[in-house]
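Read off the chains here:
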Amino acid sequence: MPTNRTFTMIKPDAVADGFTGPIIQQIEAAGFKIIALKKVQLSSEEAGAFYAVHAERPFFQSLCDYMCSGAIIPMVLEKENAVEDFRKLIGATNPAQAAEGTIRKQFARSLESNAIHGSDSDENAAVEGAFFFTEKELV
Ligand SMILES: Nc1ncnc2c1ncn2[C@@H]1O[C@@H]2COP(=O)(O)O[C@H]2[C@H]1O
């Protein structure tokens, strides 16, 4: 995946709360182009595989249960400096610490149910994008 791309997913709390439209609107208004988008529901195994890096963390099982509790909207986005700019747009992992105006500040419920994911590096963006989308879907 080119380095001007990042991976995101709108998480089950935000989809269930009806925030998909407003979140996508803010993403596009911030200059990100949507390269790929779909709606899926993860199995417990898929959630565990996606978050394998957190397997030893105390919140791992709860995170997997939450992530397969409802539909999610994975997307690949394109913009110059995509990874860094997108993490600024979504704000801190914990919405209580997220800056005013960020997506998590506006739409997240809690540290776990934090509305949206954003890749933390170009390398992880490529791996995470490939988890959900084929090469043909990422042209
Ligand atoms: N201390 C924590 N307790 C519960 N959930 C967490 C904690 N830290 C991170 N998470 C969740 O784990 C997720 C890892 O990916 P994200 O950074 O997108 O969002 C994170 C939260 O949803």
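Rules behind the numbers
- Residues numbered from 1 in each chain as written.
- Predicted model: local features only at pLDDT ≥ 70, side-chain atom pairs only at ≥ 80, totals over all residues.
- Heavy atoms only, no water.
- Helix = DSSP H or I, 4+ residues; strand = E, 2+ residues; numbered from the N terminus.
- Rg over C-alpha atoms; globule rule 2.2 N^0.38 Å.
- Buried < 20%, exposed > 50% of the residue type's maximum accessible area, 1.4 Å probe, protein only.
- Contact = heavy atoms within 4.5 Å.
- Areas by Shrake-Rupley, 256 points an atom, 1.4 Å probe, with all protein chains shown as cover.
- Lys, Arg positive; Asp, Glu negative; His and termini not counted.
- Charge placed at Lys NZ, Arg CZ, Asp CG, Glu CD.
- Polar contact = N/O pair within 3.5 Å; in protein donor to acceptor, adjacent residues only side chain to side chain.
- UniProt positions renumbered as here; feature names shortened; annotations may be inferred.

**Some points on the overall build of the protein chain**
Looking only at helices and strands, one finds seven helices and four strands in the protein chain. Taken from the N to the C terminus, the helices and strands of the protein chain come in the order β-α-α-β-α-α-β-α-α-β-α. The C-alpha atoms of the protein chain give 14 Å as radius of gyration, which agrees with the globular expectation for 139 residues (14 Å, within 12%). When the backbone C-alpha atoms are referred to their principal axes, the protein chain occupies close to 35 × 35 × 25 Å. Taken over 139 residues, the protein chain has a buried fraction of 46%. Taking all contacts inside the protein chain whose residues are at least 6 apart in sequence as the whole, residues at least 24 apart take part in 78%. For the protein chain, the exposed surface amounts to about 7100 Å²; the carbon and sulfur share of it is 51%. Within the protein chain, one finds 13 positive and 19 negative side-chain charges whose respective centroids are separated by 4 Å.

**A short note on the environment of arginine 104**
By secondary structure assignment, the location of arginine 104 is in helix H6 (residues 103–107). A C-alpha to C-alpha distance of 24 Å links arginine 104 and alanine 130, two positions 26 residues apart in sequence. Among the polar contacts made by the side chain of arginine 104, one reaches the main-chain carbonyl oxygen of glycine 91 at a distance of 3.0 Å.

**Some thoughts on the UniProt feature "active site" (unreviewed entry) in the protein chain**
Residues given the UniProt feature "active site" (unreviewed entry) here are His117. With residues near it in sequence (within four places) discarded, histidine 117 still touches Phe7, Thr8, Met9, Lys11, Phe50, Tyr51, Phe86, Ile90, Arg104 and Glu128.

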